[in-house]
Amino acid sequence: FVFDMAGTTVFDKNHVGNALLNALKSNGFEFSIAEINKVMGFEKPVAIKVLLDTQKVNYSEDTINEIHDAFVEDMINYYQTSEDVKPTENVMETFEYLRAKGIKVGFDTGFSRPIANAIFERLGWKQGTHYDFSITSDEVEHGRPYPDMIYKAMQLFGITETEEVAKVGDTISDLEQGFNAGCGLVIGVTTGAYNKEELINASHDYI
């Protein structure tokens, strides 16, 4: 089982979207939260590029890096200090149930490694105790909706059949990733950026 993090297994009152909104605004780019939510689940530098391209403005790689650096700083501070940081409902019981059945449990995320590590440290989630693996978007060539992170997870455990993999996430890009990887189960959850009506048209087995 490959789970997303923010909005899926980690409670999120859209702080991720607002952090990206503020990072863009601090660099002179105005967006609505509805526009931001359309790229939730993407690798964050890619999300920034997609958003800037919609405004048809000239920008450099340095601009993307500056916006992303501001976003990372905000998110790490949030995950280290906010009282809102907690697992989503029933997620710990779900991890325990699956691992007791001999099913590997792990994460892939549009976050970079420093943010993911801040989450693990804050929640006290330990590899080998609560989960089996984690892969971040900066550790593969392409983030979601490409299947790279799922394929890397499969390689870790010698899994060769994608039908033996389940993908769970709260965004359209999560579901597209699972479909693109050929996962045996693609499951959308409504605890994050998208509601059921928004997810229903994306490829899925269950929502």
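About the criteria used
Residues numbered from 1 in each chain as written. Predicted model: local features only at pLDDT ≥ 70, side-chain atom pairs only at ≥ 80, totals over all residues. Heavy atoms only, no water. Axes fitted to C-alpha atoms, helices over the stretch in contact; angles between N-to-C directions. Helix = DSSP H or I, 4+ residues; strand = E, 2+ residues; numbered from the N terminus. Parallel < 35°, antiparallel > 145°, perpendicular 65-115°, else oblique. Contact = heavy atoms within 4.5 Å. Nonpolar A, V, L, I, M, F, W, Y, C, P; charged D, E, K, R; others polar. Buried < 20%, exposed > 50% of the residue type's maximum accessible area, 1.4 Å probe, protein only. Arc of directions from axis to C-beta. Pairing = 2+ DSSP bridges. Phe/Tyr/Trp six-rings, centres within 6.5 Å; stacked < 30°, edge-to-face > 60°.

1. A word on the packing of helix H4 (residues 61-81) against helix H6 (residues 113-123)
Packing of H4 against H6 brings their axes to within 9 Å, and their N-to-C directions diverge by 5°. Regarding the angle of H4 to H6, the classification is roughly parallel. Along its contact with H4, which presents Phe71, Val72, Met75, Ile76, Tyr78, Tyr79, Gln80 and Thr81, the element H6 presents Pro114, Ile115, Ala118, Ile119 and Arg122. Class assignment for the residues of the contact of H4 with H6 results in 10 nonpolar, two polar and one charged.

2. Things to note about the packing of helix H7 (residues 148-156) against helix H8 (residues 172-181)
The interhelical angle for the contact between H7 and H8, taken along N-to-C directions, is 55°, at an axis separation of 9 Å. When the interaxial angle is binned, H7 and H8 end up oblique. Residue-level contacts link Met149, Ile150 and Tyr151 of H7 to Gln177, Gly178, Asn180 and Ala181 of H8. Classifying every residue of the contact of H7 with H8 gives four nonpolar, three polar and no charged.

3. Here's the deal with helix H3 (residues 44-54)
For H3, the set of buried residues is Lys44, Ala47, Ile48, Leu51 and Leu52. Looking straight down H3, one finds its buried side chains confined to an arc of 130°; they lie on one side. Taken together, the buried residues of H3 touch helix H1 (15-26), helix H2 (33-37) and H4. Positive phi shows up at Lys56, right after H3, with a value of about 50°.

4. A word on the sheet that holds strand S1 (residues 2-3)
As summarised here, the arrangement of the five strands in space is S3-S2-S1-S4-S5, forming an open sheet in which the pairing is parallel. Both outer strands of the open sheet, strand S3 (133-136) and strand S5 (185-188), are each paired with one neighbouring strand and no more. In terms of strand pairing, strand S4 (residues 166-169) meets S5 through four bridges, oriented parallel. For Val168, the partnering residue across the bridge sits in S5 and is Ile187. Relative to S3, H7 is tilted by about 150°, and along the sheet it contacts S1, strand S2 (106-109), S3 and S4.

5. Focus: the packing of aromatic side chains
Each aromatic ring pair is specified by the distance between its two centres and by the angle formed by the two planes. Under the definition given, this model contains 12 aromatic pairs. Look at Phe95 and Phe107: their rings are 5.6 Å apart centre to centre, the planes differ by 80°, and that puts the pair in the edge-to-face class. Highlighted residues: Phe95 in helix H5 (residues 91-100) and Phe107 in strand S2, separated in sequence by 12 residues. The class for Phe107 is buried, based on a relative accessible area of 0%. When the ring of Phe120 is compared with that of Tyr131, the centres are 4.7 Å apart and the planes differ by 15°; the resulting orientation is stacked. Taken as a pair, Phe120 in helix H6 and Tyr131 in the loop between H6 and S3 lie far apart in primary sequence, 11 residues in all. In this structure, Phe120 and Tyr131 share a single accessibility class: buried. Here the aromatic cluster, defined as three or more aromatic residues joined through ring pairs, consists of Phe1, Phe3, Phe95, Phe107, Phe120, Trp125 and Tyr131.

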